[in-house]
Amino acid sequence: MEDIEDVLGPAGFAGGGAPPGLRLPLSTVAVKPKRRSYKLLQTQAQPDARIPGTQTIYVKTFGCSHNQSDSEYMSGQLSAFGYAITEEPEGADLWLINTCTVKNPSQSAMSTLISKCKTANKPLVVAGCVPQGSRDLKELEGISIIGVQQIDRVVEVVEETLKGHEVRLLSRKTLPSLDLPKVRKNKFIEILPINVGCLGACTYCKTKHARGHLGSYSIDSLVDRVKIVVSEGVREIWLSSEDTGAYGRDIGTNLPNLLNAIVAELPADRSTMLRIGMTNPPFILEHLNEIASVLRHPCVYTFLHVPVQSGSDAVLKAMNREYTVSEFRMVVDTLCELVPGMQIATDIICGFPGETDEDFVETVNLIKEYQLPQVHISQFYPRPGTPAARMKKVPSIEVKKRSRELTSVFEAFSPYEGLKGKVERIWITEIATDGVHLVGHTKGYIQVLVIAPDSMLGTSADAKITSVGRWSVFGEVVEGTVAIKEASPQQNSAEVQVENRPNHVEEAACSTNTCDSCACSGAESTAQQCTQRCEGPSDAPTNCGDATRQETPQSTLVRRNVEGAGKTSGSDTEKSRGDDQQINVITRRALNIDRILWGGLAVSFATTVAILVLLTCKIFYTSS
């Protein structure tokens, strides 16, 4: 089926007038009201007497932070038109799946979800990188699809799909506006896409097929967005793209210019922090001093994700990565020298076609030399349509063996040991899934778990590090150091993110994908592959991506971090702390049970008194 620029209404309306379902937009929703030409895909539309905008939409997101931002924008537009967003698929009137194409597991998960949706007889819209990069997939036949640059028209697609029409919007156009309504998954975190696509041509990358060539937002539009989200109480801004280092090369500017402009708008009280997304080595080499200067700023996390992928120049050449190992070393060495407390994350692909034992040894030696605190390890997995898929493969047994060996090497490091006993400033933005801890980050973006009231969300405080684990550290908030949250700002009635409605996100697989660094899927979890933060295998190549994430983040990784920290350190102090935490949880549960029991006793007593009163009255009236 050929792609069309627009959808299809009932037969016979093309002669004039607005198509059914295309209402005049709200002031906050950029649905264009102009008349368009339509092509009929389904002549027998299923009648639906329900009023558009009253249905419930289940939104499911796979993949990276860029995908998550797209889902938040789509959810925001739908909410602004009256649709309810839910994380419960069974009760939804339509499913909206935002897909990731970086790995086969994520695409397989999409196919499984599509099958479930068809079995449940639910209308379905598939968005994101899979339909954009592989539009002719058999699984997508007869399904409404929307591309990565058409998310500003999701309301139209949903309305027509609910009527029984098939809609396909895949043509590339101008970038979606940054000022669309947005439902944030976490109201304290703004994911800000600064560009789409990239300038690279990695031989294993599938996402380039979907996101395309580099397209950058203007500095003015990005700065305006920063001003808005800061006024709305956002405490972290994540710059996201397929390669932040390439920003601006298509519009005559560069990343340092953008960063300096954004930093100038951040509050001087450090209430809002900036996290810079992933950059490939070729595009940061020209600006190392300028980037280091920005990273030293008090409102910028001293953290950067710089994927190396291999310690062998021969393998990097086969990957078409356009840099050498020595250039990667220059990036890391310079930033660590110029930026106090600098934290670097990187990626490794094990078993790329043609990788010899000698090549792998070079990779192992590189990881041993730098002992970086975060290394995302993936096994190579060929993606259809890429040059690497046609290369001679390393036997899968050998690939798994190398992945396990490198994982063991990496897990032998203790990167956070030196933090124990220190006091660090942390910015608290999330609740851990164990229900006990809040999640904060140091300026180096090290995850710190603290026991504190929910009222501390959106604040910063000093925390004394009491114990360290392999993946995170535990701390205690130092009394009197909390930076109190400002009063919630007044928001436009259309800005529904204040409600923090759920936007269900599922990570595709554990790796640095083409849009982000760490993506986990519980269905694919094993303990050996992705060695930083997430549990699960990384059996496909990692490419360019956003900085290491917590994006759906804490949900799958914090529970592990809590358990892992206790297992990693065997000190009496840590054991005692673990016991205290367990007692804390048990105490909370006991208090809840006591309240229930006393409430039940009170109700029983009141019922008994009422019955006695009624019986007494009845006996009195009978005797009289």
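Residue numbers restart at each chain and count upward from 1, following the sequence in its written direction. The predicted nature of this model means local features are confined to residues of pLDDT at least 70 and side-chain atom pairs, given and counted, to a pLDDT of 80 or more, with totals for whole chains, interfaces and linings taken over all residues. Hydrogens are left out, water is left out, and the side-chain values use all remaining heavy atoms of the structure.

The test is simple: UniProt positions are given in the numbering used here, feature names are shortened, and annotations may be inferred rather than shown by experiment.
Where an unreviewed UniProt entry is consulted, the chain appears under the name Threonylcarbamoyladenosine tRNA methylthiotransferase, with the organism given as Triticum aestivum. Under the UniProt heading Catalytic activity (unreviewed entry), the note attached to the chain is "N(6)-L-threonylcarbamoyladenosine(37) in tRNA + (sulfur carrier)-SH + AH2 + 2 S-adenosyl-L-methionine = 2-methylsulfanyl-N(6)-L-threonylcarbamoyladenosine(37) in tRNA + (sulfur carrier)-H + 5'-deoxyadenosine + L-methionine + A + S-adenosyl-L-homocysteine + 2 H(+)". In its Cofactor (unreviewed entry) section, the UniProt record describing the chain reads: "[4Fe-4S] cluster".

**So, the overall build of the chain**
Selection criterion: Secondary structure elements follow DSSP: runs of H or I no shorter than four residues count as helices, runs of E no shorter than two count as strands, and numbering proceeds from the N terminus. Per-residue and other accessible areas were derived by the Shrake-Rupley procedure at a 1.4 Å probe size, with only the shown protein chains allowed to occlude residues.
The secondary structure content of the chain amounts to 15 helices and 20 strands. As presented, the chain carries roughly 25100 Å² of accessible surface, and 55% of it is formed by carbon and sulfur atoms.

**Some thoughts on the environment of Thr86**
Basically, it comes down to this: Exposure classes here rest on a 1.4 Å probe applied to the protein chains alone. A residue is buried below 20% of its type maximum, exposed above 50%, and partly exposed in between. Any pair of nitrogen or oxygen atoms within 3.5 Å is treated as a polar contact; in protein, a donor-acceptor pairing is required on top of that, and neighbouring residues in sequence qualify only through side-chain atoms on both sides.
Along the polypeptide, Thr86 turns up in strand 2 (residues 84-86). With a relative accessible area of 14%, Thr86 lands in the buried category. As for Thr86 and Tyr58, which are separated by 28 residues in sequence, their C-alpha atoms are 5.0 Å apart. A distance of 3.0 Å separates the side chain of Thr86 from the backbone nitrogen of Glu88, its partner in a polar contact.

**Some points on the confidence of the model for the chain**
Which entries qualify depends on this criterion: You can read pLDDT as the predictor saying how much it trusts each residue, on a scale of 0 to 100. Whether two residues are in contact is decided by their heavy atoms: any pair within 4.5 Å suffices.
Confidence in the prediction of the chain, expressed as mean pLDDT, is 77, and 72% of residues score 70 or more. Taken together, the stretch residues 1-49 has pLDDT below 50 and engages in 95 contacts with residues farther than four places along the chain or on a different chain. Long-range and interchain partners of residues 487-590, a stretch whose pLDDT sits below 50, account for 341 contacts in this model, where long-range means more than four residues apart.

**Considerations on the packing of helix 12 (residues 357-370) against helix 13 (residues 396-411)**
How we decide: An axis is simply a line fitted to the C-alpha atoms; with a helix, the fit covers only the stretch in contact. Between two such axes, the angle follows the N-to-C directions and lies from 0 to 180 degrees. Just so you know how the angles are binned, under 35 degrees is roughly parallel, over 145 roughly antiparallel, 65 to 115 roughly perpendicular, and the rest oblique. The hand of a helix crossing depends on one turn: near helix anticlockwise from the far one by less than a right angle means left-handed, and clockwise means right-handed. Residues are sorted three ways: Asp, Glu, Lys and Arg are charged, Ala, Val, Leu, Ile, Met, Phe, Trp, Tyr, Cys and Pro are nonpolar, and all the rest, Gly among them, are polar.
At a minimum axis distance of 10 Å, the contact between helix 12 and helix 13 shows a crossing angle of 20 degrees. Classified by the interaxial angle, the pair formed by helix 12 and helix 13 is roughly parallel. Between helix 12 and helix 13 lies a crossing of right-handed hand. Contact with helix 12, carried on its side by Asp357, Phe360, Thr363, Val364, Ile367 and Lys368, involves Glu398, Arg402, Glu405, Leu406 and Val409 of helix 13 and no other residues of that element. Among the residues making up the contact of helix 12 with helix 13, the classes are represented as five nonpolar, one polar and five charged.

**Some details on the packing of aromatic side chains**
Filter applied, for reference: Between 30 and 60 degrees the pair is tilted, below 30 it is stacked and above 60 it is edge-to-face, where a pair is any two Phe, Tyr or Trp rings, Trp via its six-membered ring, whose centres lie within 6.5 Å. Lysine NZ or arginine CZ positioned within 6 Å of the ring centre and within 35 degrees of the ring normal marks a charge as sitting over the ring.
As enumerated under the stated definition, the model contains eight aromatic pairs in all. Judged by centre distance (5.3 Å) and plane angle (75 degrees), the rings of Phe352 and Phe380 are edge-to-face. Remark: Phe380 occurs in the loop between strand 14 (374-379) and helix 13 and Phe352 occurs in the loop between strand 13 (343-350) and helix 12; sequence separation between them is 28 residues. As far as the burial class goes, Phe352 and Phe380 line up, both buried. Here a set of aromatic residues connected by ring pairs shows up, and it is made of Tyr301, Phe303, Trp427 and Tyr445. Above the ring of Trp238, the side-chain terminus of Arg275 is found at 4.0 Å from the ring centroid.

**Looking at a negative patch on the surface**
Stated formally: What makes a patch is a set of residues exposed beyond 30% relative accessible area and free of salt bridges, joined within 9 Å when like-charged and within 5 Å when nonpolar (Val, Leu, Ile, Met, Phe, Trp, Tyr). Note on definitions: salt bridges are taken to be side-chain nitrogens of Lys or Arg within 4 Å of carboxyl oxygens of Asp or Glu. Positive charges come from Lys and Arg alone, negative charges from Asp and Glu alone, with His and the N- and C-terminal ends not counted. Note on charges: their place is set at NZ of Lys, CZ of Arg, CG of Asp or CD of Glu.
A grouping of Asp179, Asp220, Asp224 and Glu265 is seen on the molecular surface, where their side chains present a negatively charged patch. Along the chain, the position of Asp179 falls in the loop between strand 6 (168-169) and strand 7 (189-193).

**So, the sheet that holds strand 18 (residues 460-468)**
To keep things clear, this is the line we draw: At least two bridges found by DSSP between two strands are what make those strands a pair.
Strands sit in the order 15-16-17-19-18 around a closed barrel of five strands; the barrel is mixed. Strand-to-strand twist in this sheet, taken as the mean axis angle between neighbours without regard to direction, amounts to 55 degrees. Sheet analysis places strand 18 next to strand 19 (residues 473-477), joined by five bridges and oriented antiparallel. Within strand 19, the position partnered with Ser467 by the bridge is Phe474.

**Quick look at the environment of Glu286**
Looking at the secondary structure, you find Glu286 in the loop between helix 8 (281-284) and helix 9 (288-295). When its relative accessible area of 52% is taken as the criterion, Glu286 is described as exposed. Sequence separation between Glu286 and Val331 is 45 residues; the distance between their C-alpha atoms is 9.9 Å.

**A closer look at the pattern of salt bridges**
Evaluation of the coordinates by the stated rule reveals 14 salt bridges. Here Arg153 makes a salt bridge to Glu156, at a shortest N to O gap of 3.2 Å. Residue classification places Arg153 among the buried residues on the basis of a relative accessible area of 3%. The shortest N-O distance in the salt bridge between Arg329 and Glu369 comes to 2.6 Å. Here the residue Arg329 occupies a position in helix 11 (residues 325-338), and Glu369 occupies one in helix 12, the gap between them amounting to 40 residues.

**Regarding the sheet that holds strand 14**
As summarised here, the arrangement of the three strands in space is 12-13-14, forming an open sheet in which the pairing is parallel. Edge positions in the sheet fall to strand 12 (303-305) and strand 14, since each of these pairs with one other strand and no more. Taken over all neighbouring pairs, the strand axes of this sheet differ in orientation by 15 degrees on average, direction set aside. Of the pairings in the sheet, the one linking strand 12 to strand 13 comprises three bridges and is parallel in character. Paired with Phe303 across the bridge in strand 13 is Gln343. Seen against the sheet, helix 13 touches strand 13 and strand 14 and runs at an angle of roughly 170 degrees to strand 14.

**Re the side chain of Asp70**
Looking at the element boundaries, Asp70 is found in helix 1 (residues 65-80). According to the relative accessible area criterion, Asp70 is buried, its value standing at 6%. Setting aside chain neighbours within four positions, we find Asp70 in contact with Asn98, Val148, Ile151 and Arg211.

**Some remarks on a nonpolar patch on the surface**
A contiguous nonpolar surface patch, about 390 Å² in accessible area, is contributed by Ile611, Leu612, Leu615 and Ile619. Among the structural elements, Ile619 can be located in helix 15 (residues 572-623). With relative accessibility at 58%, the residue Ile619 sits in the exposed group.

**What about the pairing of strand 15 (residues 423-431)?**
As a general feature of sheets, a regular strand has side chains that alternate between the two faces. With five bridges connecting them, strand 15 and strand 18 associate as antiparallel partners. Residue pairing in the sheet places Val423 in a bridge with Lys464 of strand 18. Sheet topology note: the strand 15/strand 16 (residues 437-441) ladder contains four bridges and is antiparallel. Considered in strand 16, the bridge of Trp427 is made with His441.

**Some words on helix 13**
Operational definition: Multiplying 1.5 Å by the helix residue count minus one yields the expected span of that helix. It is the directions from the helix axis to the C-beta atoms whose arc is reported.
Here helix 13 contains 16 residues, and its C-alpha end-to-end distance of 22 Å stays within 8% of the 22 Å for a straight helix at 1.5 Å per residue. Those residues of helix 13 lying buried are Val399, Arg402, Ser403, Leu406, Thr407, Val409 and Phe410. Relative to the axis of helix 13, the buried residues are bounded by an arc of 160 degrees and lie together on one face. Every exposed residue of helix 13 that faces more than 90 degrees away from the buried side is listed here: Ile397 and Ser408. In this fold, the buried residues of helix 13 make contact with strand 13, helix 12 and strand 14.

**Quick look at the pairing of strand 13**
Counting buried positions along strand 13 gives eight out of eight residues, so the element sits mostly inside the fold. Going residue by residue along strand 13, you find Gln343, Ala345, Asp347 and Ile349 tucked away on one face and Ile344, Thr346, Ile348 and Cys350 tucked away on the opposite face as well. Here strand 13 pairs with strand 14 via six bridges, running parallel. When the bridges of strand 14 are listed, Asp347 appears paired with His376.

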